[in-house]
Amino acid sequence: MVAAGFPACPSVLADRSLRKHLFVKPGQRKYGKMETMEINNHKIDFIIKSLSNYLQGKDIPLRLSLVSFFSRGHLLIEDLPGLGKTTLAIGIARSLGLTFGRIQCTSDLLPTDITGLSIYNKSAGEFEFHPGPIFNNIVLCDEINRATPKTQSALLEAMGEKQVTIEGKTYKLPRLFSVIATQNPVEQFGTFPLPESQLDRFMMKIGIGYPSRDAEKEILKLGSKREELYTIEPVMNKEEVARIHADIEKNVYVSDKILDYALAIIEATRNNEYFTAGLSTRGALTLISTAKANAYFHSRDFVIPEDIKELSGYTIPHRVLFKEEYEALDKKEIVKSLIEAIPTPA
Amino acid sequence: MNKNRGQGSGFRVQGTQNSAIRIPQSEFRNPKSAFSIETIVKIITYLVGMLGFIAVFRHIDVFFNIAFLSLFSLSLYFEYSKKFYIPRWVLNSLSLLVIFFSFYRFKLSDLVTQIIEALLILLAIKFIEDKKFRDYMQIYAIVLFLLAGLGLLSLDITFIVYLLILVFLLTTSIVLLTYYSQDPNLYFTKQTVIKIVLKSMYIPLVAIPVAVLMFVILPRTQYPIFHFINRADKAKTGFTDNVRLGVVSDIQEDSSAILRANMEKIEDNALYWRGIVLDYFDGTSWKSSTKDVTSMSFPSSSKGKSVRQIIYLEPYENRYLFALDKPVYIFYRGARKYDDFTFISTGYIDKRIRYEAVSIITDTISESKIEESKYLQMPDNLSPEIAKLVKRITIHKDETKNMQSIYAFLNDGTYKYSLKNLPVTKNPLEDFLFLSKFGNCEYFASAFTIMLRLAGIPSRVVGGYKGGYYNDLGGYYLVPQKNAHVWVEVYIREKGWVRMDPTPATIDHFASLMKGDIFFRLSVLLDAVNYYWYAMIINYNFEKQLSIFYSIKSSIKKPNFKFSFNKVDIAKYLVIVLSLAGIVFAIRAAVRFDNSKEKKILSLFQKVIAKHGYKKTKTQGLEEFVMQMPDEKIRQSSYAFVREFERLYFKDKQLSPDDIKKLKYLIKSIR
């Protein structure tokens, strides 16, 4: 639906068959001196490929989720139920060799249900801390807009600080920690929509969309593969994931030209007739860090304008405040029109 | 949409403009309908720079013209690309180099031109910098100096035109600069700009008449306003109206100036500045006896070149007016001429005076009859030894030959010139001739005169100055106090008074002044400035000022006043304009090649790909552009180029010649 139809995400993402021909695998460069960094993304490619078996036709959301994860961000998936959000989260966690926790949000969910709580142990004669589901690497938070604001803010705080404080004691969350939250855009009754300021904490907001006819036929033919998902072998381990994180952060080069381009985008969001508020500085940082991860996914150790451009539909719309008269319009289209007006450095 | 933006900024949550206070003044902030103050200031500054160049370019070397224009166009390019590639320290050291270089080729004869050339280069360097408030001010100062230099080179009507334009430009620009220094991001509407320009016109409109008034009034004051600066504060050594021997043993040299004479350059050995004639000797000192005032005319029989001098005489607490030997006229209020060709002013010269003199350069004054006893006077107590000596030398019958042998006696090397350890005695002449055998000009002249008189030849001592340094810059002789000199005039019956200088010619302290190290040159330069100040400002007389005004007036009124364009001139200007254009092109090409190889490669790529019918929009990324190409072959080969290009471009790598070759190859293989 929305995600697949976003045209600012150009053919680079869509046309994978083409890229196969063109992308040169590490060590096989034809031209020039070798980059200083060994781009080690074939495993990522493999993950996407293998998970595609379980999520037919969900390449793009899968890829975007990984980009979000590898730029150390949290992901918000807004879509209807039953389109494979949970499958996606589990698949990522499994294939990266990470632990997985799940929170099903309801209106009576308490903050301690997420963070965990201390329970008196009779035999030991003291309180014992029982960590909640948040103490996992990948936490799926289903239907976050059904939780009460109190619970939401406990979760969002944990996302921001990467630690939780329970009864005066602070517990560090795992170093690799990423939340995948989902929300249902249609059912509004009895929900507490996330305030805009909270949305800024999510690095990207994506949709999954209906599968294509062929893909759906395949699903119908073979039935749900959710069970098998729990049995797949991890492609990486925690150390490898951490290394890739560090690689992206340190070794992907961002030229001043790119920064200027990003700044032009940011300025455009702050200075136009559609928005009442543009990108925050956190939002600006997001543009760069996601672009770096995206460049890495494309086997580059430098960022090109397209890295920012093709992700802008997922990084920008949920961070800007639209004027009321434009609320009804397609926000991605507006953002796209803004970005299409900004000259690229090359 | 514009309106929308302007109003929207008032209640925006996250500040879209940098200053919250100024948001309501949308007029000043809106970049669409207004001029940036920076742009206006820049435009004016470039106009000022160009004006300075146009004013002086005819007077300076072609090399400097070209250098200035190249640097100037480079700075224009920098402004255009909004990047100042050359760091400030490089430019500063370059400026220092220029200054050193101009010191190195420092030549007095051509000083103003050299200074203008150096200033022009400094100006161009200033333009290359990323300009701040003080840089603008420096540019204006340099252009003012350039124009001042032009005033020294040629003072025709165009100078006034340049000056007026410059004054108006500068006042406007300085007013704008004050705004600019407050907030560089200000925007003005057209009306505001016009208002500011008109308002700042008032300043020169008021200031120029006041300045003119000052120009007329200031030099007219009897006592110069700045008189205290130049006041004679101590009695100076040098010229006196009597010559005393045997009183001081050491004479301190005083290198301060006694006079400056604006005149053409003449032979060095003719440089005798006549002051006083002394005829009475009492054994130790010479005095001037009474003499008659005469009319200011010259015996018609005298031949020689007549030289006109304008003399600026420093205060020296006596009344003699100096002029080149032999002076005929001196035009000074109340000046009297005596029959021995000396001039005396009515009062003591206690401030700097200016007078005109006409002299005829000759060694002899033809005079048929003289009061011989007066010039044969002898002191009573003169040593008989001297008389014996004279008798021994003057063996000829002929007066001229006797004179020559006495002259030769004093100049045969036995008697030496000295300013130190002079005999302090009651009989200085005797001690000089027989004991110490060294002395200064006073001893030589005295001895020569007395010996001549003993031999029966009438003679007298003349006091004044000898030599002087010609300042090419100001066109005048500078005569220092230490050049005070006395010489002798001998009366030869058939000829008249003949000038003889018995002092040995080895007195090289005159000459030593003429060569000189850098400090001396600098002092000469300063002296020239000093001179001009006296000549042009302090001693300017009212008639001269009026005549300048009249000449300006008449040249404006002159119906045939026009820029004379004959064919040669047109050709000249055409050549200049063409070479200008050529330079601009060359620089553009050079700068392009150096600074945007990437852009060049990219435009080559776009050109090639345009042949296949693809055109990249400005907002498309390269990969994005390439990926949409339907033709797979072109897409793939283009992608190969794009990938390689991006790898260099977005990693901020300098393109090596190899890289360029490779990229060009990749572009070529697109098909």
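Asks: Describe the nonpolar core, with residues and values.
Replies: What tends to happen in soluble globular proteins is that the nonpolar side chains get buried as a cluster. Formed by 98 residues in total, the largest nonpolar core has its most connected members in Leu 66, Phe 70, Leu 96 and Ile 308 of chain A together with Phe 605, Phe 641 and Phe 645 of chain B. Counting residues in hydrophobic clusters, the runner-up holds 67 residues, among them Tyr 316, Tyr 465, Tyr 477 and Met 500 of chain B.

Asks: Tell me about helix 13 (residues 281-297) of chain A, and name the residues and values.
Replies: Residues and elements named next belong to chain A. With 17 residues, helix 13 extends 24 Å between its outermost C-alpha atoms, agreeing within 8% with the 24 Å of an ideal straight helix rising 1.5 Å per residue. Within helix 13, 13 of the 17 residues are buried, which leaves the element mostly enclosed by the surrounding structure. Trailing helix 13 by a residue or two, Ser 299 shows a phi angle of about 60°, which is positive.

Asks: Tell me about the side chain of Lys 42 of chain B, residues and numbers included.
Replies: You can see Lys 42 of chain B is positioned in helix 3 (residues 37-56). With near-sequence residues (within four places) excluded, Lys 42 of chain B lies in contact with Glu 79 and Tyr 136 of chain B.

Asks: Which residues make up a nonpolar patch on the surface, and what are the values?
Replies: All names here are of chain B. Taken together, the side chains of Leu 96, Ile 99, Phe 100, Phe 103 and Leu 522 define a hydrophobic patch exposed on the protein surface, amounting to about 460 Å² of accessible area. The element that contributes the greatest number of residues to the nonpolar patch is helix 5 (residues 88-104), accounting for 4 residues. Along the chain, Ile 99 falls in helix 5. With a relative accessible area of 36%, Ile 99 lands in the partly exposed category.

Asks: Could you give an account of the sheet that holds strand 9 (residues 305-313) of chain B, naming the residues involved and the relevant values?
Replies: All names here are of chain B. Spatially, the 6 strands line up as an open sheet ordered 12-15-9-4-21-20, and their pairing is antiparallel. Here the strands that pair on one side only, and so sit at the sheet edges, are strand 12 (327-331) and strand 20 (469-471). Across the sheet, the mean angle from the axis of one strand to that of its neighbour is 30°, orientation sign disregarded. Pairing of strand 12 with strand 15 (residues 353-361), which is carried by 4 bridges, proceeds in the antiparallel orientation.

Asks: Describe the environment of Ser 299 of chain A, and please don't skip the residues or the numbers.
Replies: If you trace the backbone, Ser 299 of chain A turns up in the loop between helix 13 and helix 14 (305-315). Each C-alpha atom, one on Ser 299 of chain A and one on His 42 of chain A, is 8.7 Å from the other, the two residues being 257 residues apart in sequence.

Asks: Quick rundown of the confidence of the model for chain B? Include the residues and the values.
Replies: Model confidence for chain B is summarised by a mean pLDDT of 76, while 78% of its residues fall at 70 or above. Confidence drops under a pLDDT of 50 for residues 557-565 of chain B, and excluding neighbours within four residues, the segment shows 6 contacts in the predicted structure.

Definitions and limits used
- Residue positions are counted from 1 within each chain, in the order its sequence is given.
- All chains are assigned letters beginning at A, and all ligands numbers beginning at 1, according to the order in which they are written.
- Given that the model is predicted, a residue must reach a pLDDT of at least 70 before its local features are reported, and side-chain atom pairs must reach 80 or more before they are shown or counted; all residues, however, enter totals for whole chains, interfaces and linings.
- Side-chain metrics in this entry use all non-hydrogen atoms of the structure; hydrogen atoms and water are not considered.
- In this description, a nonpolar core means a group of buried Ala, Val, Leu, Ile, Met, Phe, Trp, Tyr and Cys residues linked to one another through side-chain atoms lying within 4.5 Å.
- Note on classification: 1.4 Å probe, protein chains only; a residue is buried when its accessible area is under 20% of the maximum for its type, exposed when over 50%, partly exposed between these limits.
- Only DSSP runs of H or I reaching four residues or more are called helices, and only runs of E reaching two or more are called strands; each is numbered from the N terminus.
- Each residue after the first adds 1.5 Å to the expected span of a helix.
- Every residue pair with non-hydrogen atoms within 4.5 Å of one another is taken to be in contact.
- Patch membership is restricted to residues that have no salt bridge and whose relative accessible area is over 30%. Joining uses 9 Å for like charges and 5 Å for the nonpolar side chains Val, Leu, Ile, Met, Phe, Trp and Tyr.
- Where accessible areas are quoted, they stem from the Shrake-Rupley method and a 1.4 Å probe; at the residue level, only the protein chains shown are allowed to cover.
- In what follows, salt bridge is the name for a side-chain nitrogen of Lys or Arg lying within 4 Å of a carboxyl oxygen of Asp or Glu.
- Note: two strands are recorded as paired if DSSP finds a minimum of 2 bridges between them.
- Orientation is described by lines fitted to C-alpha atoms, with helices fitted over the stretch in contact, and by angles between N-to-C directions that extend from 0 to 180 degrees.
- Values of pLDDT, which run from 0 to 100, indicate the predictor's confidence residue by residue.

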